[in-house]
Amino acid sequence: MLDFQQLVEIVKKTTSDLRVDEKATPRAIIIPSSELKKVCQELYQNSSTYFDMLSCLTGIDNGPDANSMEVVYNLYSIPFNHHLMLKVILPRENPEIDSVSETWRTANWHEREAFDMYGIKFIGHPDLRRILLPADWEGHPLKKDYKHQ
């Protein structure tokens, strides 16, 4: 089984523009949004990692003061019992990121939920529409400055 530092080294071969979030539990690798698809493909296809499961994808609103949002990807490799958390930080205004639904089909619903609740747009998603709220709902209820009408 690979340890966290070995997983960091594998990600570094795909993008050197990363940092480790030591405050996260478990520790997470923070990568730029422009590198997400490439990193996810490598982690899925690499025979030593084979992250065959996207366990969870969630949005986080860091609030108007921080002026940022995050998308967190929890990956799991069933055959190797590896766990890995990836984070991407996005601007709070007009947050957009590539969809990973081509890599993991479960991303389809997770991305729709993050879109519905936080307003994060997933570029290339096959069917990006609300999943929990009615189609005519206005706003995104998990954003920190959301006010219900």
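Just above, that's the structure.
Throughout what follows, the structure given in this document is the object of discussion.

**A few points about the sheet that holds strand β5 (residues 82-91)**
Taken in spatial order, the 5 strands make up an open sheet running β1-β2-β5-β4-β3, and their pairing is mixed. At either margin of the open sheet sits one strand with a lone partner, and together these are β1 (19-21) and β3 (53-61). Sheet twist, expressed as the average angle between the axes of neighbouring strands with direction ignored, equals 25 degrees. Strand direction decides the pairing type here: β3 and strand β4 (residues 68-77), joined by 8 bridges, are antiparallel. For cysteine 56, the partnering residue across the bridge sits in β4 and is asparagine 74. Strands in contact with helix α4 (residues 107-118) are β3 and β4; relative to β3, the strand with the most contacts, it is inclined by about 10 degrees.

**Considering the pattern of salt bridges**
Applying the stated criterion across every chain yields a total of 8 salt bridges. When salt bridges with common partners are traced through the structure, they connect Asp21, Glu70 and Lys87 into a single cluster.

**Some points on the side chain of glutamate 35**
Within the secondary structure, glutamate 35 is located in the loop between β2 (28-30) and α2 (36-45). According to the relative accessible area criterion, glutamate 35 is buried, its value standing at 17%. Ignoring any residue separated from it by four or fewer positions in sequence, one finds glutamate 35 in contact with Thr14 and Thr15.

Calculation criteria
- Residues numbered from 1 in each chain as written.
- Predicted model: local features only at pLDDT ≥ 70, side-chain atom pairs only at ≥ 80, totals over all residues.
- Heavy atoms only, no water.
- Pairing = 2+ DSSP bridges.
- Helix = DSSP H or I, 4+ residues; strand = E, 2+ residues; numbered from the N terminus.
- Axes fitted to C-alpha atoms, helices over the stretch in contact; angles between N-to-C directions.
- Contact = heavy atoms within 4.5 Å.
- Salt bridge = Lys/Arg side-chain N within 4 Å of Asp/Glu carboxyl O.
- Buried < 20%, exposed > 50% of the residue type's maximum accessible area, 1.4 Å probe, protein only.

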